[in-house]
Amino acid sequence: MTAIRSICVYCGSASGMDPTFASDATALGRAMADAGIRLIYGGGNIGLMGTVARAVLEAGGEVTGVIPTFLKDREILLEEAQETIVVPDMHSRKQIMYERADAFIALPGGIGTLEELVEQLTWSQLGRHTKPILLLNTQNFWQPLLDLFAHMSQSGFIRPGLEVRYLVADSARDAITQIEAAVSTTTPREDAAIVTQF
């Protein structure tokens with residue numbers, strides 16, 4: 001049985017212009033359900049958020065949605081989720097999603113997706129957690145960000161010993177495999193402030 005019980009998925013409340021974004025979100029939802037991994041996500045029923053959640057449910061998996069009160073109408077709360085947590089603000093949402101997740105996957109998305117992803121990367125870099133963080137690089141969506149990380153490193157803003165810690169996958173199945181492998185090789189560290197890239 002996998003050590004991963006739940007994955008927080010960050011993704012767009014829009015579907016994007018390329019249909020591959022939605023098909024990869026569906027594939028990820030099915031792969032999570034097949035592996036017995038609960039989805040932790042933002043609670044909405046639109047865009048890639050809705051796509052991945054419905055795919056988990058349709059494949060017999062479990063979903064926890066976490067949504068702020070002010071977004072219940074805008075993002076159209078997914079009523080079918082087994083668990084819905086309504087919170088007062090975005091900070092509470094992100095904290096609960098972090099606490100409930102054993103790992104994180106970022107699908108394509110906008111500013112909100114980017115902000116959530118970068119926050120987890122920062123917390124990992126600073127040694128606040130060792131949970132795997134993976135970018136599902138559908139149609140090379142995340143390549144500009146990966147290039148920016150390389151540029152930051154080359155420019156001396158990501159210092160040796162404090163590398164940004166992340167995984168990159170091109171398919172949903174590979175994403176689950178990489179996260180499971182990362183968890184099985186992660187051991188507690190006395191010096192959690194020193195973070196190296198997988």
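See the structure above.
Residues numbered from 1 in each chain as written. Predicted model: local features only at pLDDT ≥ 70, side-chain atom pairs only at ≥ 80, totals over all residues. Heavy atoms only, no water.

**Some words on the pairing of strand 6 (residues 133-136)**
Operational definition: Exposure is judged per residue with a 1.4 Å probe applied to protein chains only, and the accessible area is read against the type maximum: over 50% gives exposed, under 20% gives buried, and values in between give partly exposed. Secondary structure elements are defined from DSSP: runs of H or I of at least 4 residues count as helices, runs of E of at least 2 residues count as strands, and each element is numbered from the N terminus. We treat two strands as partners when DSSP finds at least two bridges between them. Place the viewer so that the strands point away; then a crossover is right-handed whenever the path from the first strand over the helix to the second strand goes clockwise.
What you see with strand 6 is no split at all: I133 and L135 on one side and L134 and L136 on the other are buried throughout. As judged from the 3 bridges shared by strand 5 (residues 103-106) and strand 6, these two strands associate in the parallel manner. Its bridge partner lying in strand 6, F104 is registered against I133. On the question of chirality, the crossover connecting strand 5 to the parallel strand 6 by way of helix 4 (residues 111-125) is right-handed. Judged from the 3 bridges that link them, strand 6 and strand 7 (residues 167-169) form a sheet pairing that is parallel. Paired with L134 across the two strands is L167, which belongs to strand 7. Since strand 6 and strand 7 lie parallel, the crossover through helix 5 (residues 143-154) that links them has a hand, and here it is right-handed.

**Topic: the packing of helix 1 (residues 19-34) against helix 6 (residues 172-185)**
Using the following cut-off: To get an axis, fit a line to the C-alpha atoms, keeping to the stretch in contact for a helix; angles then go from 0 to 180 degrees between the N-to-C directions. Working definition: roughly parallel below 35 degrees, roughly antiparallel above 145 degrees, roughly perpendicular at 65 to 115 degrees, and oblique for all remaining angles. The handedness criterion is simple: a crossing whose near helix is rotated anticlockwise from the far helix by less than a right angle is left-handed, and one whose near helix is rotated clockwise is right-handed. Any pair of residues with heavy atoms lying within 4.5 Å of one another is described as a contacting pair. In this classification, Asp, Glu, Lys and Arg are treated as charged, Ala, Val, Leu, Ile, Met, Phe, Trp, Tyr, Cys and Pro as nonpolar, and every other residue, Gly included, as polar.
Relative orientation of the contacting elements helix 1 and helix 6 amounts to 45 degrees, with a least axis distance of 8 Å. Considering their axes alone, helix 1 and helix 6 lie oblique with respect to each other. For helix 1 against helix 6, the interelement crossing comes out right-handed. Along the contact surface, helix 1 presents D24, A27, L28, A31, M32 and D34, while helix 6 presents A172, R173 and I176. For the contact of helix 1 with helix 6, a count of residues per class yields 6 nonpolar, no polar and 3 charged.

**Quick look at the packing of helix 1 against helix 2 (residues 47-58)**
One can describe the packing of helix 1 onto helix 2 by two numbers: an axis separation of 7 Å at closest approach and a directional angle of 35 degrees. You can see that helix 1 and helix 2 cross each other, and the crossing is right-handed. Across the interface between the two elements, F21, A22, A25, T26, L28, G29, R30 and A33 from helix 1 touch L48, T51, V52, A55 and V56 from helix 2. For the contact of helix 1 with helix 2, the per-class residue count stands at 9 nonpolar, 3 polar and 1 charged.

**Quick notes on the pairing of strand 3 (residues 63-68)**
It is a general feature of regular strands that their side chains alternate between the two faces of the sheet. Counting buried residues along strand 3, 6 of its 6 residues qualify, which places the element largely inside the surrounding structure. Burial along strand 3 is two-sided: V63, G65 and I67 facing one way and T64, V66 and P68 facing the other are all buried. Across 3 bridges, the pairing between strand 2 (residues 38-41) and strand 3 is parallel. The partner of L39 across the bridge, within strand 3, is V63. Of the crossover connections in this fold, the one passing from strand 2 over helix 2 to the parallel strand 3 is right-handed. Sheet topology note: the strand 3/strand 4 (residues 83-87) ladder contains 5 bridges and is parallel. Each residue of the ladder has a partner; that of I67, found in strand 4, is V86.

**Topic: the nonpolar core**
Definition in use: In this text, buried Ala, Val, Leu, Ile, Met, Phe, Trp, Tyr and Cys residues form a nonpolar core when linked through side-chain atoms within 4.5 Å.
In terms of nonpolar packing, the biggest core is built from 33 residues, with I7, V9, L28, L39 and I105 touching the most fellow members. For this core, the secondary structure elements donating two or more residues are strand 1 (6-10), helix 1, strand 2, helix 2, strand 5, strand 6, strand 7 and helix 6. Take this core: its biggest share by element is 6 residues, from helix 1. Beyond its immediate stretch of four places on either side in the chain, L39 contacts I7, V9, M32, V52, A53, V56, E62, V63 and T64. Counting 23 residues, the second largest nonpolar core, distinct from the first, contains I40, I96, F104 and L135.

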